[in-house]
Amino acid sequence: MIVAKFGGTSVGSAENIKKVIQIVKEKKEQTAIVVSALGGVTNLLIEASDLALKNDLMYEDIVDQIEKRHFEAIENLFPHYNQTNCKAEVAKKLNQLKEILHSISLLSDLSDKTSARIVSLGEIMSSFIIHQAMLQNNVNAALIDSRDVIKTDDQYLNAEVDFELTQKSLKNELSNDSVDVFLFPGFISSNELNETTTLGRGGSDYTAAIIANAADANILEIWTDVSGMYTANPKLVRQAYPIEEISYQEAMELSHFGAKVLYPPTVQPVLDKRIPILIKNTLSAKDKGTLITKKSLVSGSTVKGISHIEDIALLTLEGNGMVGVPGISERLFGALAKNGINVKFITQASSEHSICIAIDRGESILAKKSVDKEFEFEIFQHKVNPLIIETELAIIALVGDHMKSHQGISGRMFSELGANNVNIRAIAQGSTEKNISAVISENDVKKALNTLHAAFFEDQIKQINLFVVGIGNVGGKLLEQIKLQSDYLLEKQHLQLRVVAISNSRKMLFEIEGIDLNNWTDQLDQKGEKADLEEFIGKMKGLNLRNSVFVDNTANDQVPELYASCLSDSIAVVACNKIACSSAFDNYQHLKYLSRKYNAPFLFETNVGAGLPIIDTLNNLIASGDEITEIQAVLSGSLNFVFNHFNAEKSFAEVVDQAGIEGYTEPDPRIDLSGVDVMRKILILMRESGLHSELEDIKNESFLPQASLDAVTVPEFLETLVSESDHFNKLRQAAENENCRLKYVASYKDGKASVGLQHIPKDHPFYNLDGKDNIVLFYTNRYKDQPLIIKGAGAGADVTASGIFGDIIRTGNK
Ligand code: ADP
Ligand code: ASP
Ligand code: MG
């Protein structure tokens, strides 16, 4: 015999019920079918009872909703003339329901016994309708009320099965050879007095397992809305995939730790008789599904799956009086057991000073009451503290039969979680080492699942989630480069870059699955919301995605104020914006500290020399023990461009204009021409060399005339460049008279730094520095006579974007 259970979604609509009948018709041997209530109906029944108890008449609306769901199914399953009888039967049950709800609201009293009667109606109605539909489709099916065969104790909502009695009556029912299909409502049962009991939420799976056991079935099929037991909950981990084969033990562990696809008690009755379980998808019947057997596969991944339970409370019992005192744990667990509280997780420090237990949050008040009562005397004597309760927690567990023979799994689990700023409240490892579990904050569940899934199941593809502020010249180029390179990076470096959010000063756009970079401008126009920096950061943190990177492509002075808050949340920061690193030393140092503390890279290669590897080279020199003795550099691509193009034919003002148009200057050209930009750059190099310097320590002899320095606005400033053309021509002439060229040079030596215009003679390495190029000469203990030279384009959107790109990839290699 085959036993097949169809869950709530599988029987949730006429369309799906037709699929179920098709699947049943294809069975070649006698079959027992177990059905759940129509998807969501059990929840509605519970909601209606809660409302009635509160005397809230909204319960009537819920009953109407339940009626509508069933009537719709009937209307789509049966021809007109057959609908009336079916509807009448459903209406009869719903009238009973209304009467019960009415009395609950009158008495303001709802016992477990009454609750069980109410929730049983879901399966009673669904099995009735499905039976009628089977008969109409010429399936030779008999409907058996599970309450007549599955006998239990008096725990109405979570009853214990009397296996002896149940087996006997089931065997008797199933011995009838004249039917092809036995149809049972799942979940429901009855006690000795024939009062309705239920087997716990999700209990239809268990009903099917009990029947499979009694029938000595060949197989137990669990038909649901996903294609098997997945490596992690597919609703939370998009990359999760169905596990082909898994052992009973592994399935039990996964379901115990929250893989809802299988109700935990289901395995036991079939395990005893070695009946395989096959989990299949009603909505996609051709999919292979998951086979659960005794076999424990050694091949494949050592970790078989990751599961989690939400709504967890952590109880901590601690106190000096607990050390070395026998019987404390026994009393603690005794107190919980007496009140029917199910313990999901236990850890005890070896000092015995404290015991941590995780339970369902709903039971935490009862737990506190009963434990504090049990230890009333010790609490009074200050030997034990009152029970501490923490909520909004979750348990996350790695499961696999063969984890114990592989070292390093728990190390990897916790380092991956740590690297993603998932705080761990408690850890437990079953003595059989089939699972390692940890208590974490509920907010971190999705991130933790995805992080662990990537680490243990995905071909080591690392996903980087980007939040990009500033999408003009540089930012726009960056997005273009990401689009063009994404396939290459995925294939060659196993990096997947996903741009989750973009923002300019007007609008921002969030797309959790990643913005399509083929038409981001249109999307921003159409779907973007009003830009708001604080909100941007808030949303980014709220998403709580692993490997998040905040990218600042602006020259704005407010954006850097948010870096600290990003880093403190383990969000990496990549910036071409120089303001943070050239602000007060304490701030720069604090950001570096946060970066180390929270393991969140803070990278700003493009602060100096755009895409040139200047800071990276400097960092490598320092890290390898070298020391910087002197720096000579031309660090302003824009000033270099300006002085290279400034000649007798082209006025200074014209050249500055051209540099602006070609995108080589800062949005405010005064930052470049006043030398402030170069001061910031040499300052950053000094700081990265290990010096504790401030911007004021750098000498700046401006080449600008007083009128330009006094200008208040950008247009005023640009006008002075025209009116003061004589001043600039004299500067040029003076250099030419000495056969020199004008270069704006930054120098550092012996703790002192300066920036300024210099006459560079022909034999100097700076003389032939073309266009907008930059050059840096590092003199170090190792590079004493011949400096280490880095030279190349030092301004421009394309090269700056590629430098930012490099930093982003570096965050992925942390
Ligand atoms: P049914 O109504 O068919 O009994 P359930 O809702 O009880 O279905 O169980 C199926 C659901 O279990 C899936 O839709 C999925 O959201 C959830 N689930 C959680 N963890 C897993 C997992 N590891 N594999 C598959 N499904 C899972
Ligand atoms: N209908 C019940 C529930 O929702 C039993 C089940 O579907 O397994 O809990
Ligand atoms: Mg279920």
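Read on for a plain summary of the structure. Remember, predicted model here, so these are calculated numbers, not experimental data. (Residues numbered from 1 in each chain as written. Chains lettered and ligands numbered in written order. Predicted model: local features only at pLDDT ≥ 70, side-chain atom pairs only at ≥ 80, totals over all residues. Heavy atoms only, no water.)

**Here's the deal with the layout of surface pockets**
By volume, the second largest pocket amounts to about 750 Å³. Along its surface, the second largest pocket is lined by 36 residues, and Val 474, Ala 555, Thr 665, Glu 666 and Pro 667 are the ones closest to its centre. Elements with a minimum of two residues in the lining of the second largest pocket: α15 (473–493), α21 (637–645), α23 (669–673), α24 (676–688) and α28 (797–812). Looking at the lining of the second largest pocket residue by residue, the class counts come to 11 nonpolar, 18 polar and seven charged. (1 Å grid on protein atoms, 1.4 Å probe; cavity = no way out; pocket = protein on both sides within 12 Å on 5 of 7 lines; lining within 4 Å. Points joined across faces, edges and corners; volume = space filled by probe spheres on them. Helix = DSSP H or I, 4+ residues; strand = E, 2+ residues; numbered from the N terminus. Nonpolar A, V, L, I, M, F, W, Y, C, P; charged D, E, K, R; others polar.)

**Regarding the site of ligand 1**
Lining the immediate environment of ligand 1, one finds 16 residues, of which Lys 5, Thr 224, Asp 225, Tyr 230 and Lys 235 sit closest. One of the backbone N or O atoms of Val 261 is found 3.4 Å from an oxygen atom in ligand 1. Taken by itself ligand 1 offers 560 Å² of open surface, and the protein chains cover 89% of this. A breakdown of the residues in the shell around ligand 1 according to their chemical character gives seven nonpolar, five polar and four charged. (Near = heavy atom within 4 Å. Polar contact = N/O pair within 3.5 Å; in protein donor to acceptor, adjacent residues only side chain to side chain. Areas by Shrake-Rupley, 256 points an atom, 1.4 Å probe, with all protein chains shown as cover.)

**Some thoughts on the sheet that holds strand β10 (residues 290–293)**
Read from one edge of the open sheet, eight strands run β3-β4-β2-β1-β7-β9-β10-β8, paired in mixed fashion. The open sheet has two free edges, formed respectively by β3 (141–143) and β8 (245–247), since each of these has just one partner strand. This sheet shows a mean twist of 20° between the axes of neighbouring strands, independent of strand direction. Here three bridges tie β8 to β10, and the two strands are oriented parallel to one another. (Pairing = 2+ DSSP bridges. Axes fitted to C-alpha atoms, helices over the stretch in contact; angles between N-to-C directions.)

**Considering the pairing of strand β2 (residues 31–35)**
β2 sits mainly inside the fold: five of its five residues count as buried. In this structure, strand β1 (residues 2–6) lies alongside β2, joined through five bridges in parallel fashion. Across the sheet, the residue bridging to Phe 6 is Val 35, located in β2. Crossover β1 to β2 through helix α1 (residues 14–25) is right-handed. (Buried < 20%, exposed > 50% of the residue type's maximum accessible area, 1.4 Å probe, protein only. Right-handed = clockwise from strand over helix to strand, strands pointing away.)

**Let's talk about the pairing of strand β9 (residues 277–281)**
Burial runs high along β9: five of the five residues are buried. By the alternation rule, side chains of β9 split into Ile 277, Ile 279 and Asn 281 and Leu 278 and Lys 280, which are all buried. Pairing of strand β7 (residues 219–224) with β9 involves five bridges; the strand directions are parallel. Bridging across to β9, Glu 221 finds its partner in Leu 278. Bridge count between β9 and β10: three bridges; the pairing is antiparallel. Residue pairing in the sheet places Leu 278 in a bridge with Leu 291 of β10.

**Some thoughts on the side chain of Asp 205**
Locating Asp 205 in the fold gives a position in helix α7 (residues 204–215). With relative accessibility at 3%, the residue Asp 205 sits in the buried group. At 2.9 Å, the side chain of Asp 205 forms a polar contact with the backbone nitrogen of Tyr 263. Apart from the residues lying within four places of it in its own chain, the contact partners of Asp 205 are Lys 5, Ile 222, Val 261, Leu 262, Tyr 263 and Thr 266. (Contact = heavy atoms within 4.5 Å.)

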